[in-house]
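# Architecture and fold: a report
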Amino acid sequence: MRLSKEFRDQFSQQEMRTHGRKNGFVTDGQEARLLKWLPKIGLSKDKTLNDTHIPKDSPIVMEIGFGNGDFLVYTAQNNPDWTLVGVEIYLPGVAKAVGRLEDAGVIERARITQLPAQFVLEHQVEPEQLDGIIVNHPDPWPKARHHKRRIIQKDMAEMMVSRLKPGGFIQLASDIEELAEWMRDILDETPQLTNVAGKGGYVDRDEGRVFTKFEQRGINAGRISKFLHYTKDKT
Ligand SMILES: C[S@@+](CC[C@H](N)C(=O)[O-])C[C@H]1O[C@@H](n2cnc3c(N)ncnc32)[C@H](O)[C@@H]1O
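Reading the values: the criteria
Residues numbered from 1 in each chain as written. Predicted model: local features only at pLDDT ≥ 70, side-chain atom pairs only at ≥ 80, totals over all residues. Helix = DSSP H or I, 4+ residues; strand = E, 2+ residues; numbered from the N terminus. Rg over C-alpha atoms; globule rule 2.2 N^0.38 Å. Buried ≥ 20, exposed ≤ 12 C-beta atoms within 10 Å, placed from the backbone. Contact = placed C-beta atoms within 7 Å. Pairing = 2+ DSSP bridges. Axes fitted to C-alpha atoms, helices over the stretch in contact; angles between N-to-C directions. Core = buried A, V, L, I, M, F, W, Y, C linked by C-beta atoms within 7 Å. Near = placed C-beta within 6 Å. Nonpolar A, V, L, I, M, F, W, Y, C, P; charged D, E, K, R; others polar. Right-handed = clockwise from strand over helix to strand, strands pointing away. Expected span 1.5 Å × (residues − 1). Parallel < 35°, antiparallel > 145°, perpendicular 65-115°, else oblique. Left-handed = near helix turned anticlockwise from the far one by under 90°.

### Here we look at the overall build of the chain
- Broken down by element type, the chain carries eight helices and seven strands.
- Against the compact-globule benchmark of 18 Å for 235 residues, the chain has a radius of gyration of 17 Å, which places it among compact chains.
- For the C-alpha atoms alone, the extent of the chain along its principal axes is close to 50 × 40 × 35 Å.
- For the chain, the proportion of its 235 residues judged to be buried stands at 39%.
- Sequence-distant contacts, at least 24 apart, represent 80% of the contacts inside the chain between residues at least 6 apart.

### Description of the sheet that holds strand β1 (residues 60–64)
- Overall, mixed pairing links the seven strands, which are arranged β3-β2-β1-β4-β5-β7-β6 in an open sheet. Whereas interior strands pair on both sides, the edge strands pair on one side only; in this sheet they are β3 (110–113) and β6 (193–195). Strand-to-strand twist in this sheet, taken as the mean axis angle between neighbours without regard to direction, amounts to 20°.
- Where β1 meets strand β4 (residues 130–136), four bridges bridge the pair, whose relative direction is parallel. Within the sheet, the bridge partner assigned to I64 lies in β4 and is V135.
- Packed on one face of the sheet, helix α6 (residues 154–163) meets β4, β5 (164–174), β6 and β7 (226–232) and runs near 135° to β5.

### Some details on the nonpolar core
- Membership of the largest hydrophobic core comes to 54 residues, with the highest contact counts inside it found for L72, V98, L101, A110 and I133.
- The leading source of residues in this core is helix α4 (residues 91–103), at six residues.

### Considering the site of the ligand
- In the vicinity of the ligand, 23 residues are found, and the nearest of them are G65, G67, H137, T212 and F214.
- Mapped by element, the contributors of at least two residues to the shell around the ligand are α5 (117–124) and α8 (213–220).
- Looking at the shell around the ligand, the element that brings in the most residues is α8, giving three residues.
- Looking at the shell around the ligand residue by residue, the classes come out as ten nonpolar, nine polar and four charged.

### Focus: the pairing of β1
- Most of β1 is tucked away, with five of its five residues classed as buried.
- Every second residue of β1 is oriented toward a common face, with I60, M62 and I64 on one face and V61 and E63 on the other, all of them buried.
- Pairing geometry for β1 and strand β2 (residues 83–87), over five bridges, is parallel. Within β2, the residue paired with I60 across the bridge is T83.
- With respect to chirality, the unit in which β1 leads through helix α3 (residues 70–78) into the neighbouring parallel β2 is right-handed.

### Details of α4
- Spanning 13 residues, α4 covers 18 Å between terminal C-alpha atoms, matching the ideal 18 Å at 1.5 Å per step.
- Among all positions in α4, only L91, G93, V94, A95, K96, A97, V98, G99 and L101 are buried.
- Residues of α4 that are buried make contact with α2 (28–41), α3, β2 and β3.
- G105, located one to two residues past α4, shows a positive phi value of around 75°.

### Focus on unusual backbone geometry
- Even without glycine at this site, H53 takes up a positive phi of about 55°.
- Inspection of the secondary structure puts H53 in the loop between α2 and β1.
- By C-beta crowding, H53 is classed as exposed, having 11 other C-beta atoms within 10 Å.
- The residue E128 is not glycine, and still its phi comes out positive at about 60°.

### Focus: the packing of α5 against α6
- One can describe the packing of α5 onto α6 by two numbers: an axis separation of 10 Å at closest approach and a directional angle of 40°. Viewed along their axes, α5 and α6 adopt a mutual orientation that is oblique. The handedness of the crossing between α5 and α6 comes out as left-handed. Where α5 abuts α6, its residues Q118, L121 and E122 lie against M156, M159, M160 and R163.

Below is the structure:
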């Protein structure tokens with residue numbers, strides 16, 4: 001079984017320039033699950049979040065770059081009334097996460113897309129529609145000439161804030177100190193955001209929080225992650 005080009009084109013796009021791998025190996029079993037679930041819970045290019053039948057009054061929280069879905073499943077399991085919007089450009093990650101969400105019995109509360117987060121936020125999410133945005137261990141792009149590829153940029157931060165409800169949150173993590181500082185310095189200067197730990201600060205790791213693949217990879221290499229938590233002003 002192969003995902004047809006038409007099927008894949010609904011959930012991915014080539015028009016917007018993004019960095020990072022998009023394609024890779026997906027098993028037959030994973031393809032079967034994608035074909036089963038994406039027509040139901042996929043956020044395809046031609047839709048907006050409003051078209052995806054989110055229950056009224058369900059808080060809507062987006063995770064950007066969910067990798068293989070560790071944190072998406074954990075968040076869904078720990079917040080039974082939330083709808084989770086998972087955005088990940090790497091197809092094998094999407095495939096793994098769909099399987100995990102189904103196995104955990106939480107998939108009907110997820111909306112999934114392989115479209116880039118910048119596109120989703122700009123074209124598919126309304127202003128003040130989200131209750132929260134989570135970004136864990138985004139790609140560090142360590143070379144200075146590649147810093148513009150980092151997902152957290154001034155424009156992106158402003159777009160994220162515009163899509164958050166007043167009182168909504170942004171939570172980020174990184175095991176790369178320089179990237180954590182980069183994200184903190186941008187978000188600390190973004191209008192309408194308050195750093196919960198105070199300007200320049202980090203919050204403690206939430207007890208019980210799942211170790212994602214990239215947090216664990218950092219620990220294995222001797223790196224302790226930093227955590228950032230912001231709220232959008234209520235007025
Ligand atoms: C270093 S991995 C971290 C994965 C996971 N969050 C974790 O903590 O293990 C960063 C992920 O962000 C994804 N990504 C990069 N650019 C993206 C974009 N513009 N929109 C959505 N996801 C993106 C990558 O494909 C990759 O899976």
